[in-house]
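# Coordinate analysis (summary)
Spelled out, the chains give:
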Amino acid sequence: QVQVVESGGGLVQSGGSLTLSCTAQGSILNIYSMAWLRQAPGKGQELVVEVNRDRGTTYGDSVKGRFTISRDSAKNSITLQMNDLRPEDAGMYYCNADVNLSNGIDAGLYWGQGTQVTVSS
């Protein structure tokens, strides 16, 4: 019932920038949180940033000072500006949204398909 759509991944040189966008679509009453996580080959998922209704914004330690999140509440979207990218930032980036549905009953965490970020040395 909910689609999470990501865009903006690609190839960038070390020190460069990329912008990732994520939009939650569907019969959404409200959103409790949205987040970006990433996974490098052979590693587990790592929190990049979360925007939470109660806790505000939380950045992963490895991206603090380099990445900036913004939101467009009217579009149920978030935008991640990634600056000073490093090879260790490479991986598959996944967006999720923790939502309450318009039926007033259902809620859940929905995931996008992921977008690939590649950073060359």
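The structure displayed is predicted, hence computed values, not measured ones. (Residues numbered from 1 in each chain as written. Predicted model: local features only at pLDDT ≥ 70, side-chain atom pairs only at ≥ 80, totals over all residues. Heavy atoms only, no water.)

## A few points about the overall build of the chain
- The secondary structure content of the chain amounts to zero helices and 11 strands.
- Going from the N terminus to the C terminus, the chain shows its helices and strands as β-β-β-β-β-β-β-β-β-β-β.
- The C-alpha atoms of the chain give a radius of gyration of 14 Å, which matches the 14 Å a tight globule of 121 residues would have.
- Per-residue burial for the chain yields a buried fraction of 39% across its 121 residues.
- Long-range pairs, those at least 24 residues apart, make up 55% of the contacts in the chain between residues at least 6 apart in sequence.
- Only carbon and sulfur atoms are counted for the fraction: they give 45% of the accessible area of the chain, which is about 6500 Å².
- Mean positive and mean negative side-chain charge positions of the chain (9 and 11 charges, respectively) differ by 4 Å. (Helix = DSSP H or I, 4+ residues; strand = E, 2+ residues; numbered from the N terminus. Rg over C-alpha atoms; globule rule 2.2 N^0.38 Å. Buried < 20%, exposed > 50% of the residue type's maximum accessible area, 1.4 Å probe, protein only. Contact = heavy atoms within 4.5 Å. Areas by Shrake-Rupley, 256 points an atom, 1.4 Å probe, with all protein chains shown as cover. Lys, Arg positive; Asp, Glu negative; His and termini not counted. Charge placed at Lys NZ, Arg CZ, Asp CG, Glu CD.)

## Describing the state of the cysteines
- Applying the stated criterion across every chain yields a total of one disulfide.
- A disulfide bridge connects C22 with C95, and the sulfur atoms are separated by 1.9 Å. Disulfide C22-C95: torsion about the S-S bond near -85°, hence left-handed. Taken as a pair, C22 in strand β3 (residues 18-26) and C95 in strand β9 (residues 91-101) lie far apart in primary sequence, 73 residues in all. Across the pair, C95 and C22 agree in class, each one buried. (Disulfide = S-S within 2.5 Å.)

## As for the nonpolar core
- Within the largest apolar cluster, 28 residues are counted, with the highest numbers of intra-cluster contacts made by M34, W36, V48, F67, L80, M82 and Y93.
- When residues of this core are traced back to their parent elements, those giving at least two are β1 (2-7), β3, β4 (28-39), β5 (46-52), β7 (67-72), β8 (77-82), β9 and β11 (115-120).
- Broken down by element, the residue count for this core peaks at five residues, all from β9. (Core = buried A, V, L, I, M, F, W, Y, C linked by side-chain atoms within 4.5 Å.)

## Focus: the side chain of D89
- Tracing the backbone through its elements, the reader meets D89 in the loop between β8 and β9.
- Look at D89 and you get buried, because its relative accessible area is 0%.
- D89 has contacts with R38, R66, F67, D84, V117 and V119, leaving out every residue within four places of it along the chain.

## Here's the deal with the pairing of β3
- Bridge analysis of β1 against β3 gives six bridges, and the strand direction is antiparallel. Among the inter-strand pairings, V2 is bridged to a residue of β3, identified as G26. (Pairing = 2+ DSSP bridges.)

## Digging into the pairing of strand β10 (residues 107-111)
- Here β9 pairs with β10 via five bridges, running antiparallel. Pairing of D98 across the sheet is with L109, part of β10.
- Between β9 and β10, which pair antiparallel in sequence order, lie five residues; one of them, G104, sits at a positive phi of approximately 75°.

## Considerations on the environment of Y59
- Relative to the elements of secondary structure, Y59 occurs in strand β6 (residues 56-59).
- According to the relative accessible area criterion, Y59 is partly exposed, its value standing at 22%.
- Considering only alpha carbons, one finds Y59 and A90, 31 residues apart in sequence, at a separation of 17 Å.

Interpretation in functional terms is not warranted from these geometric data alone.
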